[in-house]
Amino acid sequence: MRLIVGIALALTSTLTGAPAMAREPLGLFGGWAAFKDARPLRCYAISEAIDARAGPGWRPFASVANWPGREVRGQVHIRLGTVKQKGAPVTLTVDGRRFTLVAGGADAWAPDARADAAIIAAMRGAEGMRVETRREDGKRHIDHYNLRGAATAIDAAALACAGIG
């Protein structure tokens, strides 16, 4: 458990560059953790890919974030395990349901809030998901995620930024 929290803290510092100590842990739920940052106010659920291999300076993760000051709720963000090939699509698959993400470099997002909501709804009832693209060398790349605990971590993050948690 300590290892997962440590990994989550290290991953989250890559999101903003802020030191991990600025984060308030909200809980560990299966393979997912939830955190709250005070400045700027941001709450998020995060998990590392189960087959994670370190990329050039990072590890792949999936997160769902809430930024109250920006009026953003439930924003899906994927850090790929590799820099993707220019023009290559990034596809997120949750129990057979496919979503095309908007991507650049090693990061990918849902194209809009409606797609974010659909992805989160699919994640809630699923056991796993995968993110697929092509590496810069053209080879296929897939990151896999265990979704056990994802719904609870997503809810904890949403409640914390709603002032309830």
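What comes next is a walk through the structure. (Residues numbered from 1 in each chain as written. Predicted model: local features only at pLDDT ≥ 70, side-chain atom pairs only at ≥ 80, totals over all residues. Heavy atoms only, no water.)

Some remarks on the nonpolar core
One finds Ile-78, Val-94, Met-123 and Met-129 to be the most contacted residues of the largest nonpolar core, which totals 32 residues. Aside from chain neighbours lying at most four places away, what touches Val-94 is Phe-99, Ala-122, Met-123, Ala-126, Gly-128, Met-129 and Leu-147. Within the second largest apolar cluster, seven residues are counted, among which are Phe-35, Ile-46, Phe-61 and Ala-65. (Core = buried A, V, L, I, M, F, W, Y, C linked by side-chain atoms within 4.5 Å. Buried < 20%, exposed > 50% of the residue type's maximum accessible area, 1.4 Å probe, protein only. Contact = heavy atoms within 4.5 Å.)

Quick look at the packing of helix α2 (residues 113–124) against helix α3 (residues 150–161)
The description of two helices packed together rests on the angle between their axes and the distance between the axes. Packing of α2 against α3 brings their axes to within 8 Å, and their N-to-C directions diverge by 135°. In this view, α2 runs oblique relative to α3, as classed from their interaxial angle. Along its contact with α2, which presents Ile-120, Met-123 and Arg-124, the element α3 presents Ala-150, Ala-151, Ile-154 and Asp-155. Split into classes, the residues belonging to the contact of α2 with α3 amount to five nonpolar, no polar and two charged. (Axes fitted to C-alpha atoms, helices over the stretch in contact; angles between N-to-C directions. Helix = DSSP H or I, 4+ residues; strand = E, 2+ residues; numbered from the N terminus. Parallel < 35°, antiparallel > 145°, perpendicular 65-115°, else oblique. Nonpolar A, V, L, I, M, F, W, Y, C, P; charged D, E, K, R; others polar.)

So, α3
The end-to-end C-alpha distance of α3 is 17 Å, a good match for the 16 Å that twelve residues give at a rise of 1.5 Å each. Every buried residue of α3 is listed here: Ala-150, Ala-151, Ala-153, Ile-154, Ala-156, Ala-157, Ala-160 and Cys-161. Of the surrounding elements, those touching the buried residues of α3 are β1 (23–29), β2 (32–37), β3 (42–48), β4 (61–67) and α2. After α3 finishes, the residue Gly-163 shows a positive phi value of roughly 85°. (Expected span 1.5 Å × (residues − 1).)

What to know about the state of the cysteines
Counting across every chain of the model gives one disulfide. Here Cys-43 connects covalently by a disulfide to Cys-161, the sulfurs 2.2 Å from one another. Here the disulfide of Cys-43 and Cys-161 is right-handed, its torsion about the S-S bond being about 90°. Placement of Cys-43 in strand β3 and of Cys-161 in helix α3 is noted, with a sequence separation of 118 residues between them. Here Cys-43 falls in the buried class, since its relative accessible area comes to 0%. (Disulfide = S-S within 2.5 Å.)

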